[in-house]
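Summary of the model geometry
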Amino acid sequence: MNNFDLHNPTRIVFGANTISRLDELVPATARVLILYGGESARRNGTLAEVRAALGQRDVREFGGIEPNPSYGTLMRAVEQIRLEGLDFLLAVGGGSVIDGTKFVAAAVGYQGDPWEIMETHGATVRRAMAFGAVLTLPATGSEMNSGSVVSKKSTKAKLVFSSPHVFPRFSVLDPTKTFSLPLTQVANGVVDAFTHVMEQYMTYPADARVQDRFAEGLLQTLVEIGPQVLAEPSNYDARANLMWAATMALNGLIAAGVPEDWSTHMIGHELTALHGVDHARTLAIVLPANMQVRREAKRAKLLQYAERVWRITEGSEDQRIDEAIARTRAFFESLGVPTRLRDHDIGAHHIETVISQLEAHGMTALGERQDVTLETSRRILEAGL
């Protein structure tokens, strides 16, 4: 096991009817900006519930944060905060809203061009505004980590930054707030969480037995509850387990002391930026193709995954690996999530543009061994056709 330094300061308040706890979580004198996405948060009553919990505090709103939050939109929030002298942020939504809030928190006091935050992947962030979150869509784990993804439409860039300054102070997780979600978003959340675990698990053995078992337990849980959360939208226990699994998938715990990959995400980000494909749906395309192309480098973990997650114990090593990859693809497709580029009208003639974008963004040596070259990425995309 590798050396590691694990610290996560985010307080989690989990369960039904917990939004009322905002009154104790947000400073009494705070001047609050609520950030959210579309109007669903208003229509389903979540915004009203949040405002009621905040009581007599000075509260303003900023809506319209997109899936794959846009730099231009977020900078308008930054200007509002500066103009109105606000001092606490509250993200109400899913991963995109929380990601966007992290960028806003870092950008408000940033000295220089805030896009540098993304270009330096957070290395230049020295401080950030305090913020909390009310999670309404379980998927990204952003509610309990220090990472964020932001897009810049003018350059078709989708970049990642991370900083210890942008951990949420707290996150409220009420599974009942997921009951009204469109089922496509719920399915995307299952795929996103599953792939987050795989990026930290599907590498090479590091004798990190605790982390492996945690990861395998999360994968088994997602396989078990994936169909249930779609078939029974108001099943509290199923939604609660999805919400917590998605949070645990990317809060740092299973990454401690182990190698990490993240090439599936980096390739997927370019597909979203260029073609507008939902983030999770790019992952469903790239992950099975990535495992297939890099099966020799990942052989030991693929065999472990086959046995422990899918209970595949018969056949040759290659047969077991083939079946594990096939079952992964079938699981995604059983949720209604396609796993081929052609399902999104993306063909072989589009691949070179994706490769050019990877090169432009410095994504030329990806993976746990930094051996995923542009040629390897090309092969992965070709395998996803």
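What comes next is a walk through the structure. (Residues numbered from 1 in each chain as written. Predicted model: local features only at pLDDT ≥ 70, side-chain atom pairs only at ≥ 80, totals over all residues. Heavy atoms only, no water.)

Now for the sheet that holds strand β1 (residues 11-14). Read from one edge to the other, the open sheet built from six strands follows the order β1-β8-β5-β4-β2-β3, with strand pairing classed as parallel. At either margin of the open sheet sits one strand with a lone partner, and together these are β1 and β3 (58-62). Ignoring strand direction, the axes of neighbouring strands in this sheet form an average angle of 20°. One ladder, built from five bridges, connects strand β4 (residues 88-93) with strand β5 (residues 131-135); its direction is parallel. Bridging from a neighbouring strand, L90 pairs with G132 of β5. Running at roughly 165° to strand β2 (residues 31-36), helix α3 (residues 46-54) makes contact with β2, β3, β4 and β5 of the sheet. Packing of helix α5 (residues 95-107) onto the sheet brings it into contact with β2, β4 and β5, and relative to β4 it is tilted by some 165°. (Pairing = 2+ DSSP bridges. Helix = DSSP H or I, 4+ residues; strand = E, 2+ residues; numbered from the N terminus. Axes fitted to C-alpha atoms, helices over the stretch in contact; angles between N-to-C directions. Contact = heavy atoms within 4.5 Å.)

Let's shift gears to the environment of L303. By the element assignment, L303 lies in helix α12 (residues 299-308). Owing to a relative accessible area of 15%, L303 belongs among the buried residues under this scheme. Dropping the residues within four chain positions of it, L303 is found in contact with E317, R320 and I321. (Buried < 20%, exposed > 50% of the residue type's maximum accessible area, 1.4 Å probe, protein only.)

Here the focus is the layout of surface pockets. Empty pockets left among the atoms are what a rolling probe the size of a water molecule brings to light. Considered as a void within the structure, the second largest pocket measures approximately 190 Å³ in volume. Broken down by secondary-structure element, the contributors of at least two residues to the lining of the second largest pocket are β6 (147-152), β7 (157-162) and α10 (263-275). Here the residues of the lining of the second largest pocket are counted per class, giving three nonpolar, four polar and five charged. (1 Å grid on protein atoms, 1.4 Å probe; cavity = no way out; pocket = protein on both sides within 12 Å on 5 of 7 lines; lining within 4 Å. Points joined across faces, edges and corners; volume = space filled by probe spheres on them. Nonpolar A, V, L, I, M, F, W, Y, C, P; charged D, E, K, R; others polar.)

Attention now moves to the pattern of salt bridges. For the structure shown, the criterion picks out 28 salt bridges. Between E61 and R51 there is a salt bridge, with the nearest N and O atoms lying 2.9 Å from each other. Separated by ten residues along the polypeptide, E61 in strand β3 and R51 in helix α3 bring together distant segments of the chain. The residue E296 makes a salt bridge to R299 at a minimum N-O spacing of 2.7 Å. Classification of E296 as exposed rests on a relative accessible area of 52%. Ionic contacts of the salt-bridge type, sharing partners, join the residues R295, E296, R299, E317, D318 and D322 into one network. (Salt bridge = Lys/Arg side-chain N within 4 Å of Asp/Glu carboxyl O.)

Among the nonpolar cores identified, the biggest contains 44 residues, and F194, M198, L219, M291, Y305 and L335 are the most heavily contacted of them. Of all the secondary-structure elements, those providing two or more residues to this core are α7 (183-201), α8 (209-231), α9 (236-248), α11 (279-293), α12 and α13 (317-334). Among the elements that make up this core, the one with the highest residue count is α7 (nine residues). Setting aside anything within four residues of it in sequence, one finds L219 in contact with F194, V197, M198, Y201, Y305 and V309. The next biggest cluster of nonpolar side chains, apart from the first, holds 37 residues, and it includes V104, A107, Y110 and V150. (Core = buried A, V, L, I, M, F, W, Y, C linked by side-chain atoms within 4.5 Å.)

One can find S70 in the loop between β3 and α4 (71-84). For S70, the contacting residues outside a window of four places in its chain are V150, S151 and K153.

Moving on, we get to unusual backbone geometry. At D207, a residue that is not glycine, the phi angle is positive and equals roughly 55°. Relative to the helices and strands, D207 is located in the loop between α7 and α8. The phi dihedral of Q370 falls on the positive side, at around 55°, and the residue is not glycine. Position of Q370 relative to the elements: it lies in the loop between α14 (351-360) and α15 (374-383).

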